[in-house]
Amino acid sequence: MRRSHTIALLWCLALVVLHLDFWRPVRDVRYFGWLPEELAYRLVWMLLATGFMWYVCAVVWREEER
Amino acid sequence: MTGVLVVLAVYVAAVLAVGVIANRRAGGTPEDYFLAGRRLGALVLFMALFGTNATAFVLVGIPGRAYHDGIGVFSVNAPIVALFTPFTFFLIGVPARRMAARLRAVTPAELYSRRFGNAWVGALLFVFFTIYTVPYMVTAVKGASVVLADVTDGAIAPWLGGLGVVVIALVYTSLGGMRATAWTNVLQGFIFLGFLVAAFLLIAADLGGLGAATARVADHDPSLLALDRTKELYRPGGWISWGLTISLTVIAFPHMFVRLMAAGSERAMKIVCRLYPIALIALWLPPVLIGVWGATIYPGLEGKASDRIFSTMVEGHVPAALAGVGFLAVIAAVMSTLDAQLLTLSSMLVRDGLDRVRSRPADARADVRAGRLFAVAIAAAVYTLASLWGDSVFAIAKVSFSGYVTLTPVLFLGVRWRRFTAAGAIASMLVGNAVLWYLWPGPDLELAPIVWALAAAIVAGVGVSLMRPAPDATTLERAFG
């Protein structure tokens with residue numbers, strides 16, 4: 001398996017594990033005065049998912065046409 | 001009331017004009033009519049996929065659920081869809097598009113028939129696609145008819161509203177085929193997203209800003225700002241089951257799949273995949289927060305009253321001029337999905353049904369004519385079912401999402417695994433759906449029926465394929481290149 005594929009696979013697995021966050025305690029914390037921790041966690045996760053897709057598109061995905 | 005009718009008339013004129021322009025650009029071949037000549041550019045492709053993905057459920061079901069469950073509704077849906085929808089576009093959509101171009105396949109069912117050199121695979125796919133798509137279309141028509149009756153205080157009766165939505169979508173779809181549906185989706189997507197974001201910002205401002213709105217929720221019911229892991233959907237079994245369902249179902253919508261086949265280039269597909277996760281934040285965050293805020297301002301709502309929380313908030317906190325066109329966002333969302341479904345089902349009826357029973361080779365223009373006639377027939381059937389079917393259709397539509405997931409092993413293995421055989425594909429679809437229907441709505445299992453159905457579909461597909469001789473090398477060479 002190519003190194004880029006391994007990185008993508010590990011990145012994807014990490015995202016899935018972080019989504020299954022039954023270990024995470026529920027806390028009443030708000031960032032920037034309004035953003036609840038639960039929502040902040042998901043938004044950061046989605047930014048990591050965006051990064052993952054950019055990586056896949058840039059490195060893993062070899063176009064067959066140009 | 002007059003304002004509503006004027007806005008509606010302008011919208012209808014705009015989508016019909018798009019249909020006429022698309023008709024003038026059409027080349028008259030099935031590939032051109034059903035797949036826009038496989039030339040959808042990045043913006044149109046993105047809006048076509050996104051518009052099809054953005055249903056009226058976003059403005060009705062999600063805020064209603066967030067009203068009761070809080071921001072957990074965002075947590076359980078948005079992130080996993082944001083990751084796996086574009087990822088499955090890459091894993092399944094990209095090789096499927098390459099293969100469809102090699103095999104000159106126009107529909108998903110035709111693609112898999114030709115990939116396996118076996119008509120039964122396509123026939124079964126067509127049957128399951130139809131079973132799961134028709135109830136989905138019926139619920140959309142019912143929803144649109146209720147919204148139109150609501151905003152016009154009954155002046156547009158539900159029967160008339162439903163009929164209008166179906167006929168208008170049918171007219172522009174028949175005129176311009178895929179090109180018309182994709183272009184109208186750009187307009188519909190901008191209406192929908194524009195209204196959603198504007199409503200969100202105006203409501204937040206009217207509540208004193210994001211900080212004040214959140215503080216109000218914290219005072220009223222702080223549990224709405226956290227994830228309640230005691231509720232079934234948020235417990236591990238429910239969380240995993242639902243995550244699996246919504247992460248895999250989108251690629252198996254035939255009307256989404258066919259749009260990937262219509263992409264003009266892989267470059268356009270890459271742009272779509274990069275933007276999709278961010279776009280989903282814009283799609284999910286506003287309706288969830290509006291539903292949560294609504295729980296503090298209009299507490300104690302139940303059933304349909306809480307499902308209307310989005311429009312209640314818009315009416316109470318957005319200037320009347322903008323609130324008055326809010327219904328258009330719902331109609332645009334309904335039509336952008338309905339047109340794609342009409343086109344895809346009619347294309348499969350022509351290519352995977354009619355062309356197989358014809359005694360002589362099909363004439364290209366005859367295929368397009370037949371596609372238009374089938375679209376009329378499907379529209380009539382959907383409208384009739386929407387009039388006859390009671391609320392039970394919503395229960396059936398709930399099965400649809402799980403049903404589509406049972407098809408993903410065939411869609412994935414068919415384009416990624418050369419050793420996958422026609423017998424394996426047929427076994428996978430039959431066993432997966434048999435398990436799903438046998439378990440539905442399920443004995444009290446920790447994991448939902450779809451998890452077992454998906455596992456069964458994978459085991460049957462792989463197991464039967466390994467027990468059968470390898471596929472014919474010539475067929476494989478034609479499909480995989």
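Anyway, here's the lowdown on the structure attached to this text. In this text, all values refer to a predicted model and were calculated from it rather than measured experimentally.

1. Thoughts on the overall build of chain A
Part 1 of the argument: Scanning chain A from N- to C-terminus turns up two helices and two strands.
Part 2 of the argument: Secondary structure elements of chain A, listed N to C terminal, follow the sequence α-β-β-α.
Part 3 of the argument: Relative to the compact-globule value of 11 Å for 66 residues, chain A shows a C-alpha radius of gyration of 16 Å, a clear excess of over 25%.
Part 4 of the argument: Overall, chain A is about 50 × 25 × 15 Å in size when its C-alpha atoms are taken along their principal axes.
Part 5 of the argument: Relative to its full complement of 66 residues, chain A shows a buried share of 42%.
Part 6 of the argument: Sequence-distant contacts in chain A: of pairs separated by 6 or more residues, those separated by 24 or more amount to 53%.
Part 7 of the argument: Counting only carbon and sulfur atoms, one obtains 68% of the accessible surface of chain A, whose full area is about 4,000 Å².

2. Considerations on the packing of helix 3 (residues 42–53) of chain B against helix 8 (residues 158–206) of chain B
Residue and element names in this part refer to chain B.
Part 1 of the argument: Running from N to C, helix 3 and helix 8 cross one another at 65 degrees; their axes reach a closest spacing of 8 Å. Along this stretch, helix 3 crosses helix 8, giving a crossing that reads as left-handed. Residue-level inspection shows Val44, Met47, Ala48, Phe50 and Thr52 of helix 3 in contact with helix 8, the latter providing Ala182, Trp183, Asn185, Val186, Gly189, Phe190 and Leu193.

3. Considerations on a nonpolar patch on the surface
Part 1 of the argument: On the surface, Trp159(B), Leu160(B), Leu163(B), Val167(B) and Val171(B) cluster together into a nonpolar patch covering about 420 Å² of accessible area.
Part 2 of the argument: Residue classification places Val167(B) among the partly exposed positions, given a relative accessible area of 39%.

4. A word on the packing of helix 5 (residues 72–103) of chain B against helix 11 (residues 254–261) of chain B
To characterise two packed helices, one gives the angle between the axes of the helices and the distance between these axes.
All names here are of chain B.
Part 1 of the argument: Helix 11 packs onto helix 5 with a crossing angle of 60 degrees between their chain directions and a minimal axis gap of 8 Å. Taken together, helix 5 and helix 11 sit at an angle that is classed as oblique. Helix 11 is crossed by helix 5, and the crossing has right-handed handedness. Contacts between helix 5 and helix 11 involve Phe89, Ile92, Gly93, Ala96, Arg97 and Ala100 from the first element and Met256, Phe257, Leu260 and Met261 from the second.
Part 2 of the argument: Taken together, the residues that form the contact of helix 5 with helix 11 break down as eight nonpolar, one polar and one charged.

5. Description of the side chain of Arg42(A)
Part 1 of the argument: Considering the arrangement of structural elements, one finds Arg42(A) in helix 2 (residues 37–60).
Part 2 of the argument: Side chain to side chain, Arg42(A) and Glu38(A) meet in a polar contact 2.8 Å long.
Part 3 of the argument: With residues up to four places along the chain from it excluded, the contact list for Arg42(A) reads Leu18(A), His19(A), Asp21(A), Arg24(A), Phe74(B), Ser75(B), Pro79(B), Leu227(B), Arg229(B) and Trp239(B).

6. Some thoughts on the layout of surface pockets
Part 1 of the argument: As a volume, the second largest pocket reaches approximately 540 Å³.
Part 2 of the argument: Residue lining of the second largest pocket: 21 residues in total, with Phe84(B), Leu244(B), Ser247(B), Leu248(B) and Leu454(B) positioned closest to the centre.
Part 3 of the argument: The set of elements that each furnish at least two residues to the lining of the second largest pocket consists of helix 1 (3–19) of chain A together with helix 5, helix 10 (236–249), helix 19 (408–416) and helix 21 (449–467) of chain B.
Part 4 of the argument: Its residues placed into classes, the lining of the second largest pocket shows 16 nonpolar, five polar and no charged.

7. Things to note about the interface of chain B and chain A
Part 1 of the argument: Opposite the 43 residues of chain B that make contact, chain A presents 33 residues.
Part 2 of the argument: Summed over both partners, the interface of chain B with chain A buries about 3,500 Å², with 75% contributed by carbon and sulfur atoms.
Part 3 of the argument: Sorting the residues of chain B by area buried against chain A places Leu83(B), Lys270(B) and Arg274(B) first, and these three jointly supply 19% of that buried surface.
Part 4 of the argument: The interface formed by chain B and chain A includes four salt bridges.
Part 5 of the argument: The salt bridge involving Arg229(B) is made with Asp21(A); its shortest N-O contact spans 2.8 Å.
Part 6 of the argument: For the side of chain B that touches chain A, the element with the highest residue contribution is helix 5 of chain B, accounting for 15 residues.
Part 7 of the argument: Per-class residue counts for the side of chain B that touches chain A are 30 nonpolar, four polar and nine charged.

Thresholds, definitions, all that
Numbers given for residues are sequential positions, taken from 1 along each chain in its written order. Working convention: letters from A go to chains and numbers from 1 go to ligands, in the order in which they are written. In keeping with the predicted nature of the model, local features appear solely for residues at pLDDT of at least 70, side-chain atom pairs appear and are counted solely at 80 or more, and the whole-chain, interface and lining totals rest on all residues. The basis for every side-chain value is the complete set of heavy atoms in the structure, and neither hydrogens nor water enter the calculation. Runs of E in the DSSP output that reach at least two residues are strands. Runs of H or I that reach at least four are helices, and both are numbered from the N terminus. Just to be clear, the radius of gyration here is over C-alpha atoms, and the globule rule we use is 2.2 Å times residues to the power 0.38. Partly exposed describes any residue whose relative accessible area lies between the buried limit of under 20% and the exposed limit of over 50%, with all areas from a 1.4 Å probe on protein chains only and scaled to the type maximum. Pairs of residues are marked as contacts when any of their non-hydrogen atoms sit within 4.5 Å. Here, Shrake-Rupley sampling with a 1.4 Å probe gives the accessible areas, and only protein chains in the shown set may cover a residue. Lines fitted to the C-alpha atoms define the axes, with helices restricted to the stretch that makes contact. Angles between their N-to-C directions range from 0 to 180 degrees. Should the near helix be turned anticlockwise from the far one by less than a right angle, the crossing is left-handed, and should it be turned clockwise, the crossing is right-handed. Candidate patch residues must exceed 30% relative accessible area and have no salt bridge, after which like charges are joined if within 9 Å and Val, Leu, Ile, Met, Phe, Trp or Tyr side chains if within 5 Å. The rule for a salt bridge is simple: a side-chain nitrogen of Lys or Arg has to be within 4 Å of a carboxyl oxygen of Asp or Glu. These descriptions rest on fixed angle ranges, namely under 35 degrees for roughly parallel, over 145 for roughly antiparallel, 65 to 115 for roughly perpendicular, and the rest for oblique. Residues are sorted three ways: Asp, Glu, Lys and Arg are charged, Ala, Val, Leu, Ile, Met, Phe, Trp, Tyr, Cys and Pro are nonpolar, and all the rest, Gly among them, are polar. Whenever a nitrogen or oxygen atom comes within 3.5 Å of another N or O atom, the pair is scored as a polar contact, on the condition that within protein one atom can donate a hydrogen and the other can accept it, and that pairs from neighbouring residues in sequence are kept only if both atoms are in side chains. Cavities and pockets are found on a 1 Å grid laid over the protein atoms alone: a cavity is a set of points where a 1.4 Å probe fits but cannot escape, a pocket is an open set with protein on both sides within 12 Å along at least five of seven lines, and a lining residue has an atom within 4 Å of such a point. Grid points are joined across faces, edges and corners, and a volume is the space filled by probe spheres set on the points. Once two parts are joined, some of their accessible surface, as seen by a 1.4 Å probe, is lost; buried area is that loss totalled over both.

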